[in-house]
Amino acid sequence: MIVTSHNGHTKSYLKPRFRVDIVDERCIRCGCCVEQCSFDSMYFDTQYQRIGSTDENCVACHRCVVFCPTQAITIHQMSIEYKHNDHWRPDVIEDITRQSETGGVLITGMGSDKPWTCYWDKLCLNASQVTNPSIDPLREPMELRTFLGRKPDRLEIDPRTMEMKTTMGPQVRIETPIMFSAMSYGAVSLNVHEALARAASLAGTLYNTGEGGLHPKLFKYGPHTIVQVASGRFGVHPAYLDVGRIVEIKIGQGAKPGIGGHLPGEKVSATVATTRMIPQGTDALSPAPQHDIYSIEDLSQLIHALKEATNYTKPISVKIAAVHNSAAIASGIARAGADMIAIDGIRGSTGAAPKSIRDNVGIPIEMALASVDARLRAEGIRNQVSLVVAGGFRTSADVVKAIALGADAVYIGTAALISIGCTVCQACYTGRCAWGITTTDDKLTKRQNPEIAAERMANLLHSWSHEIKEMLGAMGINSIESLRGNRLHLRGVGLTRAEADILGVRLAGE
Ligand code: SF4
Ligand code: SF4
Ligand code: SF4
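Computed from a prediction, not measured in an experiment: that's the story for all the values here.

1. What to know about the site of ligand 2
All residues adjacent to ligand 2 are Cys37, Phe39, Ser41, Met42, Cys58, Val59, Ala60, Cys61, His62, Cys64 and Ile75. Residues that form the shell around ligand 2 fall into these classes: 9 nonpolar, 2 polar and no charged.

2. Remarks on the sheet that holds strand β12 (residues 246-250)
On the basis of which strands lie adjacent, the open sheet formed by 8 strands has the order β9-β19-β18-β16-β15-β12-β11-β10 and parallel pairing. Of all the strands in the sheet, just β9 (178-180) and β10 (207-208) have a single pairing partner and so form its edges. Along the sheet face, helix α8 (residues 326-335) touches β15 (316-321) and β16 (340-344) and points at about 165 degrees away from the line of β15. In the packing of helix α10 (residues 365-378) onto the sheet, the strands contacted are β16 and β18 (386-390), and the crossing angle to β18 comes to about 170 degrees.

3. A few points about a nonpolar patch on the surface
The grouping of Leu155, Ile157, Met162, Met164 and Met168 at the surface amounts to a nonpolar patch, some 480 Å² of accessible area in total. Among the structural elements, Met168 can be located in the loop between β7 (146-148) and β8 (172-174).

4. A closer look at the nonpolar core
Of all hydrophobic cores here, the largest spans 126 residues; its most connected members are Trp120, Phe180, Ile343, Ile412, Ile437, Leu472 and Leu503. Residue contributions to this core peak at 11 residues, all from helix α14 (residues 450-475). Leaving out residues up to four positions away in the same chain, Ile343 has contacts with Ile320, Ala321, Ala322, Ile365, Ala368, Val372, Leu387, Val388, Val389 and Ala390. Judged by nonpolar contacts, the second largest core, of 13 residues, contains Leu206, Ile246, Ala409 and Tyr411.

5. A short note on the pattern of salt bridges
Here the structure, examined in full by the defined rule, presents 36 salt bridges. Residue Asp359 pairs with Arg358 through a salt bridge whose shortest N-O separation is 2.9 Å. Like Arg358, Asp359 is buried. In this structure, the salt-bridge partner of Asp408 is Arg382, at a minimum N-O distance of 2.7 Å. Taken together, the residues span a long stretch of sequence, with Asp408 in the loop between α11 (396-405) and β19 (409-412) and Arg382 in the loop between α10 and β18 at a distance of 26 residues. Salt bridges linked by common partners bring Asp373, Arg377, Arg382, Asp408, Glu481, Arg484 and Arg487 together as one network.

6. What to know about the site of ligand 3
For ligand 3, the full set of nearby residues is Met110, Cys422, Thr423, Val424, Cys425, Gln426, Ala427, Cys428, Cys433, Trp435, Ile437 and Thr438. A breakdown of the residues in the shell around ligand 3 according to their chemical character gives 9 nonpolar, 3 polar and no charged.

7. Digging into the sheet that holds strand β20 (residues 490-492)
With mixed pairing, the 3 strands of this open sheet are ordered in space as β6-β20-β21. In this open sheet, the two edge strands, each paired with only one partner strand, are β6 (123-125) and β21 (506-507). Relative to β21, β20 runs parallel, the two sharing 2 bridges. Residue pairing in the sheet places Arg491 in a bridge with Arg506 of β21.

Here is what the cut-offs are and how they apply
- Residues numbered from 1 in each chain as written.
- Chains lettered and ligands numbered in written order.
- Predicted model: local features only at pLDDT ≥ 70, side-chain atom pairs only at ≥ 80, totals over all residues.
- Heavy atoms only, no water.
- Near = heavy atom within 4 Å.
- Nonpolar A, V, L, I, M, F, W, Y, C, P; charged D, E, K, R; others polar.
- Pairing = 2+ DSSP bridges.
- Helix = DSSP H or I, 4+ residues; strand = E, 2+ residues; numbered from the N terminus.
- Contact = heavy atoms within 4.5 Å.
- Axes fitted to C-alpha atoms, helices over the stretch in contact; angles between N-to-C directions.
- Patch = residues over 30% accessible without salt bridge, like charges linked within 9 Å, V, L, I, M, F, W, Y side chains within 5 Å.
- Areas by Shrake-Rupley, 256 points an atom, 1.4 Å probe, with all protein chains shown as cover.
- Salt bridge = Lys/Arg side-chain N within 4 Å of Asp/Glu carboxyl O.
- Core = buried A, V, L, I, M, F, W, Y, C linked by side-chain atoms within 4.5 Å.
- Buried < 20%, exposed > 50% of the residue type's maximum accessible area, 1.4 Å probe, protein only.

Purely geometric stuff here, so don't read any function into it on its own.
Next up, the structure:
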């Protein structure tokens, strides 16, 4: 990105991060790349009658590469060599340079790109061999169906009729243990919101409105919608609560624990404003805390107010960021009456967040999940809440390992966006996403057709679900329920003993 100094007097010392190469013999001067580049990198050079590029503007979104009809374009990482220094790395030097030119907080998008240990890559799954045969999922039924909501401490059955006497709280059935994470209308376009809603309906699962309310056009997808109540209370009204299948109170988010949100006024279009119930063009500021929650008792009041408001027909979820004392917080949330807890880890994504927060605050979801599940089990209250985890899930194997560590279901966000073109260029905060995802610009949003995008997202869920069945079959299990919290199916490789103990897994070979 071009960064000019705030006084406009000095030349930027920032070097371009990418180089755009165009093979002139291949180029047919169709102008498609100029039209597709929303970052003003491509232009038509009238003097030389060829395509030129302003490399410092390129964010490597690859939109031009995909749409060039003659494959004339390649994008390269600039190979600028700094003198090697393990402490003053190039990214550190560039961040300081950028701050010295803007005087502002560094803002970024998507999830952290720091080399945090990914514990999913250090966990191996078990497989059946001789005594417990594996199952072929193509020949035998495999059960991925999951029920979310508070489960009773014990079940009472009438011995005469064999009918269940216990009254169950509201349960929500999903056909695969994968849901779409919270993404607000405003942060993403309405077409993307609609695509998420349609994909969730196609796959028999749920998507999450995030904190921006729900456009009336999408009310018909209510049975597949988790409606969020966040600190800004944007778009929260009786019909919104009524239409959702689950109500989620958002306390924290993995990409920015402890801070609020900021949707810049430029993204608050007329329809975003109506949906959020705020004036058009004004910044939508979500406060860092919920101003009516300063204790578990306060949280309990909001949970019960929402249960009352929705006539005890919907599970109430509470979403927190994964932090040092997540296990104690989760115990408090369960005791406060929540039916579900969603936990978002340090690799969780965002439309915009301060880089310093995104890359340094919080803990990996694997550690948080293992400790929360263990604590709730130790306290005998694990059945009272469903656990949903989020934060950078990339593959079906990550999902299987999360279930074995104790999750009921996972949220995916970035993976869903990648399925519709996102290249994780991290420029979401600019509002100029060339793929029409994290933008409310009228022209750019048309780049996502909700029907096609929904099909791509549903395909992703379908393939992951199929792969999950393959992995279950290999383990000799025919139901996801049998895997849930069964850490014996996991073995650690390359973990310290302390890490293995926190994760509650044995090391490979043990
Ligand atoms: S899209 Fe490809 S062929 Fe068309 S002008 Fe750009 S580089 Fe040339
Ligand atoms: S479309 Fe994307 S990859 Fe192509 S030049 Fe523009 S910013 Fe770079
Ligand atoms: S949503 Fe758009 S801007 Fe954000 S990372 Fe993906 S492609 Fe880049």
